[in-house]
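Now for the letters of each chain:
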Amino acid sequence: MAKQPAKAPSQRQLRVAEEIRQALSQALERGDIYDPDLTRRPVTITGVNLSPDMRNAMVSFTPLGGGEAETSMKALMRQKGHLRNHVAHAVHMKYVPALRFVEDKSFDVADHLSALLRDPHVAQDLVDDRSGDQEDEDD
């Protein structure tokens, strides 16, 4: 049997995911969760993706200032129960989703692409393409 293509998240999933993201961010920002590793290197919650049944939440995070995320991941995993408790009080749902933490690498990818576009060889090709398009329009 062939796999069905993944459906886009519903409006409700998106709304609840944003509420969960805000609840987690506030708990970490206010210092409600005490963990020495999270105090030394604060993290930013960049997004939350909910499963269709809203029982599982994949929480994307990035350490402030970049750098080593493994320490932050371990600290978040240690505090998972406390964070889930904060979500339960802030977001009124029948079931509080299980939290799974993943490092958000999108900022690293954006930096890499930006560096590639600044490369003189690539910049040269971009300038040539733009001038070639203008010549075609003049004809």
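Conventions and cut-offs
- Residues numbered from 1 in each chain as written.
- Predicted model: local features only at pLDDT ≥ 70, side-chain atom pairs only at ≥ 80, totals over all residues.
- Heavy atoms only, no water.
- Buried < 20%, exposed > 50% of the residue type's maximum accessible area, 1.4 Å probe, protein only.
- Helix = DSSP H or I, 4+ residues; strand = E, 2+ residues; numbered from the N terminus.
- Arc of directions from axis to C-beta.
- Pairing = 2+ DSSP bridges.
- Axes fitted to C-alpha atoms, helices over the stretch in contact; angles between N-to-C directions.
- Contact = heavy atoms within 4.5 Å.
- Phe/Tyr/Trp six-rings, centres within 6.5 Å; stacked < 30°, edge-to-face > 60°.
- Lys NZ or Arg CZ within 6 Å of the ring centre and 35° of its normal.
- Parallel < 35°, antiparallel > 145°, perpendicular 65-115°, else oblique.
- Left-handed = near helix turned anticlockwise from the far one by under 90°.
- Nonpolar A, V, L, I, M, F, W, Y, C, P; charged D, E, K, R; others polar.

### Quick notes on helix H3 (residues 70-78)
Along H3, the residues that are buried comprise Ser-72, Ala-75 and Leu-76. For H3, the buried positions fall inside an angular range of 100° around the axis, keeping them on one side.

### Here's the deal with the sheet that holds strand S2 (residues 56-63)
Hydrogen bonds between backbone atoms are what pair the strands of a sheet, whose relative direction is either parallel or antiparallel. Pairing is mixed in the open sheet, where three strands are placed in the order S1-S2-S3. Since the sheet does not close on itself, it has two edges, and those belong to strand S1 (43-50) and strand S3 (98-103), each with one partner. Neighbour-to-neighbour, the strand axes of this sheet turn through a mean angle of 30°, independent of strand direction. Strands in contact with helix H1 (residues 11-30) are S1, S2 and S3; relative to S1, the strand with the most contacts, it is inclined by about 155°.

### What to know about the pairing of S2
Along S2, six of the eight residues are buried, which leaves the element largely enclosed by surrounding structure. The antiparallel pairing of S1 with S2 creates a hairpin that spans five residues between the two strands, and Met-54 there sits at a positive phi of about 60°. Where S2 lies against S3, six bridges are found, and the strand directions are parallel. Counterpart to Ala-57 in the pairing with S3 is Leu-99.

### Some points on the packing of aromatic side chains
This model, assessed by the stated rule, comprises zero aromatic pairs. Against the face of Tyr-95 rests Arg-55, its NZ or CZ located 3.6 Å from the ring centre.

### Observations concerning the packing of H1 against helix H4 (residues 80-90)
Helix packing for two helices is described by the angle between their axes and how far apart those axes are. The contact between H1 and H4 brings their axes to 9 Å, and the two run at 120°. Taken together, H1 and H4 sit at an angle that is classed as oblique. In terms of crossing hand, the pair formed by H1 and H4 is right-handed. Packed against H1, whose contacting residues are Ile-20, Ala-23, Leu-24, Ala-27, Leu-28 and Arg-30, the element H4 presents Leu-83, His-86, Val-87 and Ala-90 at the interface. In terms of residue class, the contact of H1 with H4 is built from eight nonpolar, one polar and one charged.

### Digging into unusual backbone geometry
The phi torsion at Met-54 lies on the positive side, around 60°, for a residue other than glycine. Considering the arrangement of structural elements, one finds Met-54 in the loop between S1 and S2. Accessibility expressed as a relative area gives 7% for Met-54, which makes it buried.

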